[in-house]
Amino acid sequence: MEIYLDSADVTAVKRLARVLPLQGVTTNPSIVAKEGKPLWEVLPALRDALGGTGKLFAQVMANDAERMVAEAVLLNQRVPGLIVKIPATGEGLAAMKKLQSMSIPTLGTAVYGATQGLLAALSGAEYIAPYVNRVDAQGGDALAMVRELQQLLTLHAPQAKVLAASFKTPRQVLACMLAGCRAVTLPVEVAEQLIATPAVDAALATFEQDWQAAFGTTLLS
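Residues numbered from 1 in each chain as written. Predicted model: local features only at pLDDT ≥ 70, side-chain atom pairs only at ≥ 80, totals over all residues. Heavy atoms only, no water.

- Under an unreviewed UniProt entry, the name given to the protein chain is Fructose-6-phosphate aldolase, and the organism recorded is Serratia rubidaea.
- Looking at the protein chain in UniProt, the text filed under Catalytic activity (unreviewed entry) is "beta-D-fructose 6-phosphate = dihydroxyacetone + D-glyceraldehyde 3-phosphate".
- Its UniProt record, at the heading Sequence similarities (unreviewed entry), says of the protein chain: "Belongs to the transaldolase family. Type 3A subfamily." (UniProt positions renumbered as here; feature names shortened; annotations may be inferred.)

### Digging into helix α6 (residues 114–122)
Link 1 in the chain: Of the positions making up α6, those classed as buried are Ala114, Gly117, Leu118, Ala120 and Ala121. For α6, the buried positions fall inside an angular range of 160 degrees around the axis, keeping them on one side. Exposed side of α6, more than 90 degrees from the buried face: Thr115 and Leu122 are the residues found there.
Link 2 in the chain: In this structure, the buried side of α6 is in contact with α5 (90–101), β5 (106–111), β6 (127–130) and α8 (142–156).
Link 3 in the chain: Downstream of α6 by a residue or two, Gly124 has a phi angle that is positive, lying close to 120 degrees. (Buried < 20%, exposed > 50% of the residue type's maximum accessible area, 1.4 Å probe, protein only. Helix = DSSP H or I, 4+ residues; strand = E, 2+ residues; numbered from the N terminus. Arc of directions from axis to C-beta. Contact = heavy atoms within 4.5 Å.)

### Focus: the packing of helix α1 (residues 10–17) against helix α10 (residues 188–195)
Link 1 in the chain: At a closest axis distance of 11 Å, the pairing of α1 and α10 adopts a crossing angle of 25 degrees. Put simply, α1 runs roughly parallel to α10. Of the two elements, α1 crosses α10, and the hand of that crossing is left-handed. Contacts from Ala12, Arg15 and Leu16 in α1 reach Val188, Ala191, Glu192 and Ile195 in α10.
Link 2 in the chain: Tallied by class, residues from the contact of α1 with α10 come to five nonpolar, no polar and two charged. (Axes fitted to C-alpha atoms, helices over the stretch in contact; angles between N-to-C directions. Parallel < 35°, antiparallel > 145°, perpendicular 65-115°, else oblique. Left-handed = near helix turned anticlockwise from the far one by under 90°. Nonpolar A, V, L, I, M, F, W, Y, C, P; charged D, E, K, R; others polar.)

### Digging into the pattern of salt bridges
Link 1 in the chain: Applying the stated rule across the entire model yields three salt bridges.
Link 2 in the chain: A salt bridge links Glu2 to Lys161; its shortest N-O distance comes to 2.3 Å. One end of the pair, Glu2, is in strand β1 (residues 2–6); the other, Lys161, is in strand β7 (residues 161–164), with 159 residues separating them in the sequence. Per residue, the accessibility class of Glu2 equals that of Lys161, and both read buried.
Link 3 in the chain: The partner of Arg67 in a salt bridge is Asp64, and the shortest N-O contact between them spans 2.6 Å. (Salt bridge = Lys/Arg side-chain N within 4 Å of Asp/Glu carboxyl O.)

### Considering the packing of aromatic side chains
Link 1 in the chain: Inspection of the entire model under this criterion finds five aromatic pairs.
Link 2 in the chain: Ring geometry for Tyr112 against Tyr131: centres 5.6 Å apart, planes inclined by 75 degrees, an arrangement best described as edge-to-face. Residue Tyr112 is found in the loop between β5 and α6, and its partner Tyr131 is found in the loop between β6 and α7 (132–137); the two are separated by 19 residues along the sequence.
Link 3 in the chain: By way of ring pairs, the aromatic residues Tyr4, Phe57 and Tyr127 are connected into one cluster. (Phe/Tyr/Trp six-rings, centres within 6.5 Å; stacked < 30°, edge-to-face > 60°.)

### Observations concerning the packing of α1 against helix α3 (residues 39–49)
Link 1 in the chain: Look at α1 against α3: their axes get within 8 Å of each other, and the N-to-C directions meet at 20 degrees. Taken together, the axis directions place α1 and α3 in an arrangement best described as roughly parallel. Along this stretch, α1 crosses α3, giving a crossing that reads as right-handed. Contacts between α1 and α3 pair Val10, Val13, Lys14 and Ala17 from the former with Ala45, Leu46 and Ala49 from the latter.
Link 2 in the chain: Considered class by class, the residues forming the contact of α1 with α3 number six nonpolar, no polar and one charged.

### What about helix α4 (residues 65–78)?
Link 1 in the chain: Taking 1.5 Å of rise per residue, 14 residues should cover 20 Å, and α4 covers 20 Å from first to last C-alpha, within 8% of that figure.
Link 2 in the chain: All buried positions along α4 are accounted for by Ala65, Met68, Val69, Ala72, Val73 and Leu75. An end-on view of α4 places all buried positions within 165 degrees of arc, on one side of the element. In α4, those exposed residues whose orientation departs by more than 90 degrees from the buried face are Glu66 and Gln77. (Expected span 1.5 Å × (residues − 1).)

Quick look at the structure:
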């Protein structure tokens, strides 16, 4: 199971990387734009926040295959090991095929349907990112779509992984994990909800109070 943080907030990534078993960070143009810093400044800072290791994902801005490939090559040269996010459009599929022949790893993004995701995997994408909450928001059944996509990849493209994205609640994350997704990427607020446990905090506070009352300290020694 691979867990990523979907953010370009270096401070948040550093804070959460200390406690979560993160495999890396995913970004998209909106996430980077929100930080208001150049991509070439953000990506090295994110890698540093991860302790110098972990996978990074960044997306091309072009809409046609030729320019997508050119931007992917630039990203790969400037940030070695980076996985390039390519929209799973017709032009994107053409770009993925070319990039696979160049050994540049890609993720098929903006996936709203299982067949769309399978085509991206068959075109060479190593990861497929279905937009869970966005599908639900449009009246679709995101979990059914993710299950179908996972089944299709298992049957026809086992080398590719579903990297489920676009979450609003921890329950959506759990549902994708139970559906067999091998990777998820979490917005900061969802990641924080996953590790916020009020009931546990209350139990620990009771333990401290009881120990303090009995021994006059909260220390073992």
